[in-house]
Amino acid sequence: CKIFSALFALLGICAAAAGIYLSLHFREAGPMLVKPSESAEAQVHGLMYAVKENQFDRAGNMLYGQPDIGADRLPTEDVGTLLWESFLESLRYELDGEFYATESGVARNVTITTLDVASVTDVLRDRAQTMLQDRVAHTADADDVYDQNNEYREEFVMAVLYDAAKSALETDAKTVTYQITINLIYENGQWWIMPEEALLEAITGGFI
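Computed from a predicted structure; not experimentally measured.

Engineer: How should the overall build of the protein chain be read in this particular structure?
Structural biologist: When its secondary structure is counted, the protein chain shows seven helices and four strands. Helices (α) and strands (β) of the protein chain occur, in sequence order from the N terminus, as α-α-α-α-β-β-α-α-β-β-α. For the protein chain, buried positions account for 33% of its 208 residues. For the protein chain, long-range pairs separated by at least 24 residues make up 68% of all intrachain contacts whose partners lie at least 6 apart in sequence.

Structure (structure tokens):
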């Protein structure tokens, strides 16, 4: 019995020593992710799918705090809608590496590529002006161009602007690539994506 007592005492001392050693050795180490979270990855893919499908109410529900990210402020006029739909169609993303632990949860690096909206809007004014002058010169009936106050008809101008936007998209459009980190925290039994500025800018193109 004395032998067993001595042995257990020795094992207890070794375990305590090992615990002290490990706590001192890793006291400066950052958090470690034991196992990648499938639910966290599904949340990231779910967010990007919701954005791609123009389901911004659903996307907002995946963000921490479920903020209103401005789905009701999306463009409704023809030109704005054309640019917005072109932006969504262009959106591509790729997850980089693996999840890693942070002080507050987990994070994943992602590369997002979209239409550079400014590459279209920056040339739109000049294209529209040139196209307007050409349309005026080649429209036989002045009533199709001017109203009773001798001002351009709104529908005439908007049609020109729409065609100019289509032309700019076909000829001048470029893409922009964002290298961002998506941070997630775990709360109330699920992972939430942090609605950080870099992420929101990348998935909305500045429209919202």
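Engineer: Just to check I follow, could you spell out helix α2 (residues 38-52) for this structure?
Structural biologist: An α-helical turn contains 3.6 residues, so a residue and the one three or four places further along point in the same direction. The end-to-end C-alpha distance of α2 is 21 Å, a good match for the 21 Å that 15 residues give at a rise of 1.5 Å each. When we look at burial in α2, the residues that qualify are Ala40, Gln43, Val44, Gly46, Leu47, Met48, Ala50 and Val51. Of the residues flanking the end of α2, it is Asn54, one or two places downstream, whose phi is positive at about 65°.

Engineer: Looking at this model, I keep getting lost on the side chain of Thr111. Mind explaining?
Structural biologist: You can see Thr111 is positioned in strand β2 (residues 105-116). Thr111 sits in the buried class, given a relative accessible area of 15%. Excluding anything up to four places from it in sequence, Thr111 contacts Arg92, Tyr93, Glu94, Asp96, Thr177, Tyr178 and Gln179.

Engineer: Explain the packing of aromatic side chains here, please?
Structural biologist: Counted by the stated rule, this structure contains six aromatic pairs. Seen in terms of ring centroids, Trp84 and Phe87 are 5.5 Å apart; in terms of plane orientation they differ by 20°. Their pairing is stacked. Within this pair, Trp84 and its partner Phe87 are both found in helix α4 (residues 78-90), separated by three residues, close to a single helical turn. Considered together, Trp84 and Phe87 belong to a single accessibility category, that of buried residues. Chaining the aromatic ring pairs together yields one cluster made of Phe56, Trp84, Phe87 and Phe207.

Engineer: When you look at the pattern of salt bridges in this model, what are you seeing that I'm missing?
Structural biologist: Two side chains carrying opposite charge are able to pair once their charged atoms lie near each other. In this structure the tally under the stated criterion is four salt bridges. Across the pair Arg108 and Glu41 runs a salt bridge, and its minimum N-O distance is 3.5 Å. In this pair, Arg108 sits in strand β2 while Glu41 sits in helix α2, placing the two residues 67 residues apart along the sequence. With a relative accessible area of 29%, Glu41 lands in the partly exposed category. Ionic pairing is found between Asp163 and Arg135, a salt bridge with its closest N-O pair at 2.7 Å. Residue Asp163 is found in helix α6 (residues 154-171), and its partner Arg135 is found in helix α5 (residues 117-138); the two are separated by 28 residues along the sequence. A relative accessible area of 28% means that Asp163 is categorised as partly exposed. When its relative accessible area of 29% is taken as the criterion, Arg135 is described as partly exposed.

Calculation notes
- Residues numbered from 1 in each chain as written.
- Predicted model: local features only at pLDDT ≥ 70, side-chain atom pairs only at ≥ 80, totals over all residues.
- Heavy atoms only, no water.
- Helix = DSSP H or I, 4+ residues; strand = E, 2+ residues; numbered from the N terminus.
- Buried < 20%, exposed > 50% of the residue type's maximum accessible area, 1.4 Å probe, protein only.
- Contact = heavy atoms within 4.5 Å.
- Expected span 1.5 Å × (residues − 1).
- Phe/Tyr/Trp six-rings, centres within 6.5 Å; stacked < 30°, edge-to-face > 60°.
- Salt bridge = Lys/Arg side-chain N within 4 Å of Asp/Glu carboxyl O.

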